[in-house]
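In case you want the letters, here they are:
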Amino acid sequence: MEKKEFRAESKRLLDLMINSIYTHREIFLRELISNASDAIDKIYYKALTDDSLRFDKDSYYIKIVPDKKNRTLRISDTGIGMTKEELEENLGVIAKSGSLAFKKENEIKDSYEIIGQFGVGFYSAFMVADTVTVISRALGSNEAYKWESQGADGYTIEPCEKDTVGTDIILKIKENTEDEKYDEYLEEYRLKSIIKKYSDFIRYPIKMDITRRRLKEGSENEYEDYVEEQIINSMVPIWKKNKNELTAEDYENFYSEKHYGFDKPVKYIHINAEGTVSYRAILFIPESIPFDYYTREYEKGLELYSNGVLIMNKCPDLLPDYFSFVKGMVDSEDLSLNISREMLQHDRQLKLIAKNIKNKIKSELEALLKDDREKYEKFYKSFGRQLKYGVYSDFGSNKDVLQDLLMFYSSKEKKLVTLNEYVSRMPEEQKYIYYATGESIERIEKLPQTELVAEKGYEILYFTEDIDEFAIKMLMSYKDKEFKSVSSGDLGIETQEDKNNGNGDDDVSKELFNHMKNLLAGKVKDVRASKRLKHHPVCFSSEGEISIEMEKVLKSMPN
Ligand code: ADP
Ligand code: MG
């Protein structure tokens, strides 16, 4: 039998591949710039190990030149360039990464900063261009070559002229169609904003000639255009700076520049982690609730960078739901640039980073609670409810992370207290942590059920939010002290003598209770005498796990 090879429609395959990896067309520029930056890194790396080479920082840059008349966009770099063979190898074979090979050949360890290694980024140029031309001269060679392609049907290579080492990539930008617009990739301001968005922290200058307007010399109302070369990217990101170089104001500026929020964050966290996984992160705990926070529309997540290049705007896998209010970014050299969302979810490095971040947020919130209670309470007013949801969801498995961050209003202190504070004040004979549920503090204070507990001198936590009691049920106990509702049947306070005495089993009482039960048939299960009432004649109580308040909530929930 004859064995045949599969034939793939390569152009369609290329389209498919590009479209499944990239969600936004504009990222072609990010990919080409990161390749250019890699190419400069490679010269830098060679210079480290080769004494005959000098790395003079000023002569290394990336330049972006749009040309509307010819509909071209040029991305030039002064990097290591490519020989004829390298052009064929690296650009002629899809999914072949010259950068990965370079890392291997030079035994560069993984933490080294070269970004590329997937060998597909370059082809994203075909999302916006009909023809891609690459003119390159390799380091140490006098010859230059021109590679050209209209997509996956193939490419041509021929010798050409180039005075300096490096690479020019020239994109022939597609014509607009009815549904798709490409003109924007020739507009200065648009290119500038794409560079700012994705490549702001590339280590080498990204230059552009920007057209500006000024008053003509000696004239009061005549203007003239002139061109000024500008560096578009800020190069050193704040998270790569040393903490001691930075002020609180720097962080606050970053917070507002990034549009994380309009408020002033109650806390910023700057992490520089090295070890099993290396990453840097700047995280913020906001003070006020984003308008859509407690809605379905709200998207949690942190910005994710791979070595200074933005991969994802909101990476949800970096934050547990209960910390979904945290804003900020993570940059790691251990992540690949072209990694897709689906792959990210399974990325081991990413999981490690997420775990690290979670623990850090927890400890920083605990520190805030300890050191600046006023600020913590501001934060808690906004996001305490989310923490309680966190305790409730996942069947209480997050309780170790969250229980010490919770606060409730205390009958004794008349302010928010933590569970730890409550327990440490408990008299020795007190068995339970008591709580009372109600619509407001004022209403709870009037509850007859609180009387006995209060008279005993015990502190009561007031639960005014629906979620409170549900969360506590998941916690079950704190430091071995169980929670007990003041309206539950057995408060664990009455002595045996109390119980035996006047428990309403004399005939007169029995008759009265039976009568009441008949009158209230279907509304109450039983009518009993109680020892807990002091000033009120009667109160409701519940027997099972579900309290009266919880029942109300459950009944009000849509099915
Ligand atoms: P990756 O960057 O993941 O390796 P790309 O498809 O982006 O994959 O690029 C393929 C290869 O082409 C790179 O690994 C590199 O060897 C080479 N290359 C691309 N652009 C340049 C450039 N501007 N200068 C030098 N080499 C480049
Ligand atoms: Mg690349």
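Conventions adopted
- Residues numbered from 1 in each chain as written.
- Chains lettered and ligands numbered in written order.
- Predicted model: local features only at pLDDT ≥ 70, side-chain atom pairs only at ≥ 80, totals over all residues.
- Helix = DSSP H or I, 4+ residues; strand = E, 2+ residues; numbered from the N terminus.
- Buried ≥ 20, exposed ≤ 12 C-beta atoms within 10 Å, placed from the backbone.
- Contact = placed C-beta atoms within 7 Å.
- Pairing = 2+ DSSP bridges.
- Axes fitted to C-alpha atoms, helices over the stretch in contact; angles between N-to-C directions.
- Core = buried A, V, L, I, M, F, W, Y, C linked by C-beta atoms within 7 Å.
- Left-handed = near helix turned anticlockwise from the far one by under 90°.
- Nonpolar A, V, L, I, M, F, W, Y, C, P; charged D, E, K, R; others polar.
- Parallel < 35°, antiparallel > 145°, perpendicular 65-115°, else oblique.
- Arc of directions from axis to C-beta.
- Expected span 1.5 Å × (residues − 1).
- pLDDT = per-residue confidence, 0-100.

This paragraph deals with the overall build of the protein. Regarding its fold elements, the protein presents 17 helices and 19 strands. Put simply, the protein has 559 residues, and 32% of those count as buried. Restricting to contacts in the protein with at least 6 residues of sequence separation, those with at least 24 account for 68%.

What follows covers the sheet that holds strand β10 (residues 279–285). Strands in a sheet are paired, the pairing made by backbone hydrogen bonds, and the direction either parallel or antiparallel. One open sheet holds the five strands; their spatial order is β9-β10-β13-β11-β12, and the pairing between them is mixed. The open sheet terminates on both sides in strands that have one partner only, identified here as β9 (267–273) and β12 (309–315). Taken pair by pair, the neighbouring strands of this sheet meet at an average axis angle of 15 degrees, ignoring direction. Here five bridges tie β10 to strand β13 (residues 327–332), and the two strands are oriented antiparallel to one another. Following the sheet pairing, F284 is matched in β13 by K327.

What follows is about the nonpolar core. Core analysis: the largest hydrophobic core is formed by 110 residues, its most contacted members being A125, L171, V330, Y435, I460 and L461. With nine residues, the top contributor of residues to this core is helix α2 (residues 27–49). Setting aside chain neighbours within four positions, we find V330 in contact with Y279, A281, L302, L304, Y305, L318 and I353.

On to the pairing of strand β5 (residues 155–160). The buried fraction of β5 amounts to zero of the six residues, a small share that puts the element mostly on the outside. Relative to β5, strand β4 (residues 144–149) is paired through six bridges, and the arrangement is antiparallel. Note on β5: the bridge partner recorded for S149 is Y155.

Okay, the environment of V165 next. Along the chain, V165 falls in the loop between β5 and β6 (166–173). Distance in space between the C-alpha atoms of V165 and T78 is 6.2 Å, their sequence separation being 87 residues. Aside from chain neighbours lying at most four places away, what touches V165 is T78, G81, R137, A138 and L139.

Attention shifts here to unusual backbone geometry. We note that M235 has phi near 70 degrees; this positive angle belongs to a residue other than glycine. With respect to the secondary-structure elements, M235 resides in the loop between β8 (223–231) and α6 (248–257). Given 15 C-beta atoms within 10 Å, M235 falls into the partly exposed group. The backbone of D480 sits at a positive phi, close to 65 degrees, despite the residue not being glycine. Topologically, D480 is positioned in the loop between β18 (477–478) and β19 (481–485).

Taken in spatial order, the eight strands line up as β5-β4-β3-β6-β2-β1-β7-β8 in an open sheet, and their pairing is mixed. The sheet is open, and its two edges are formed by β5 and β8, each paired on a single side. The mean inter-strand angle of the sheet, taken between neighbouring strand axes irrespective of direction, is 20 degrees. Where strand β3 (residues 129–137) lies against β4, six bridges are found, and the strand directions are antiparallel. Within the sheet, the bridge partner assigned to S136 lies in β4 and is Y145. Its contacts with the sheet put helix α5 (residues 188–199) on β1 (62–67) and β7 (206–215), and the angle it makes with β7 is roughly 135 degrees.

Glancing now at the packing of α2 against α5. The interhelical angle for the contact between α2 and α5, taken along N-to-C directions, is 65 degrees, at an axis separation of 9 Å. Seen along the crossing, α2 lies across α5 with a hand that is right-handed. Between α2 and α5, the residues in contact are I27, L29, R30 and I33 and I194, I195, Y198 and S199, respectively. For the contact of α2 with α5, the per-class residue count stands at six nonpolar, one polar and one charged.

Let's shift gears to the packing of helix α9 (residues 373–392) against helix α14 (residues 466–475). Look at α9 against α14: their axes get within 8 Å of each other, and the N-to-C directions meet at 40 degrees. Classified by the angle their axes make, α9 and α14 are oblique. Here α9 and α14 pass one another in a crossing that is left-handed. Only I467, D468, F470, A471, M474 and L475 of α14 make contact with α9, whose side of the interface consists of R385, K388, Y389, V391 and Y392. Across the contact of α9 with α14, the residue classes break down as eight nonpolar, no polar and three charged.

An α-helical segment advances 3.6 residues per turn. Residues three or four places apart therefore align on the same side. Those residues of helix α3 (residues 84–92) that sit buried are L87, N90 and L91. All buried residues of α3 lie within an arc of 90 degrees about the axis, which places them on one face of the element.

A few words on α2. A rise of 1.5 Å per residue sets the reference length of α2, with its 23 residues, at 33 Å; its end C-alpha atoms lie 33 Å apart and thus fit the reference within 8%. With respect to burial, α2 is a largely interior element, 17 of its 23 residues being buried.

So, on to the confidence of the model for the protein. When pLDDT is averaged across the protein, the result is 85; 84% of the residues are at 70 or more. Our summary of model confidence lists the complex with pTM equal to 0.68 and ipTM equal to 0.99.

Within strand β11 (residues 302–306), five of the five residues are buried, which leaves the element mostly enclosed by the surrounding structure. Pairing of β11 with β12, which is carried by four bridges, proceeds in the antiparallel orientation. Across the sheet, residue L302 finds its bridge partner in β12, namely C315. The hairpin turn running from β11 into β12, its antiparallel successor, is two residues long, and N307 in that turn takes a positive phi close to 50 degrees. Judged from the four bridges that link them, β11 and β13 form a sheet pairing that is parallel. In the sheet register, E303 faces β13, and the bridge partner there is M329.

With that out of the way, let us pick up the environment of Y376. Following the sequence through the fold, Y376 ends up in helix α9. Residue class for Y376 comes out buried when judged on the 24 C-beta atoms lying within 10 Å of it. Put simply, Y376 and L405 are 29 residues apart on the chain and 9.5 Å apart in space, counted from C-alpha to C-alpha. Aside from chain neighbours lying at most four places away, what touches Y376 is L368 and L369.

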